[in-house]
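Examination of the molecular architecture
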Amino acid sequence: QEFSNFTSAVLNENGKHIGYDVSSNAFFFERLKGGTTNWAQSIPMVCANKPKDDMDSDCKRNKISPDGIHWCVETIGPRFTASIACLLGCVHNERPPE
């Protein structure tokens, strides 16, 4: 797996779902305004809807990322971590995947 391709695919699907035009990559850079974090969160990464005027208060949180940096532990995080652990085991144990 390549992390950047995986992230792009997940965010592309969510962007499509919440109503962004995903024919260009511009939607990746849509950011929430008025949030409580020290960084502007990516709307396609943290929202399950397209918030009015990009306001944090109108963002219904999704199950991808709680803060725009980390994966949700309850959903994507464990699956991705397990796949990396499996690949590392194959490389370092010198045996093919099962």
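These remarks concern the structure in this document. (Residues numbered from 1 in each chain as written. Predicted model: local features only at pLDDT ≥ 70, side-chain atom pairs only at ≥ 80, totals over all residues. Heavy atoms only, no water.)

Before going further, it helps to spend a moment on a nonpolar patch on the surface. Side chains of Ile84, Leu87 and Leu88 sit close together on the surface and give an oily, nonpolar patch of about 230 Å² of accessible area. Assignment of secondary structure puts Leu88 in helix 3 (residues 76–93). With relative accessibility at 46%, the residue Leu88 sits in the partly exposed group. (Patch = residues over 30% accessible without salt bridge, like charges linked within 9 Å, V, L, I, M, F, W, Y side chains within 5 Å. Areas by Shrake-Rupley, 256 points an atom, 1.4 Å probe, with all protein chains shown as cover. Salt bridge = Lys/Arg side-chain N within 4 Å of Asp/Glu carboxyl O. Helix = DSSP H or I, 4+ residues; strand = E, 2+ residues; numbered from the N terminus. Buried < 20%, exposed > 50% of the residue type's maximum accessible area, 1.4 Å probe, protein only.)

This next bit is on the pattern of salt bridges. The tally for this structure, following the rule as stated, stands at two salt bridges. Glu13 serves as the salt-bridge partner of Lys16, at 3.1 Å between the closest nitrogen and oxygen. On the criterion of helical spacing, the pair formed by Lys16 and Glu13 is a turn pair, its members being three residues apart in helix 1 (residues 3–18). The partly exposed category is assigned to Lys16, whose relative accessible area is 47%. Salt-bridge contacts for Arg61 lead to Asp56; the nearest nitrogen and oxygen are separated by 2.6 Å. With relative accessibility at 35%, the residue Arg61 sits in the partly exposed group.

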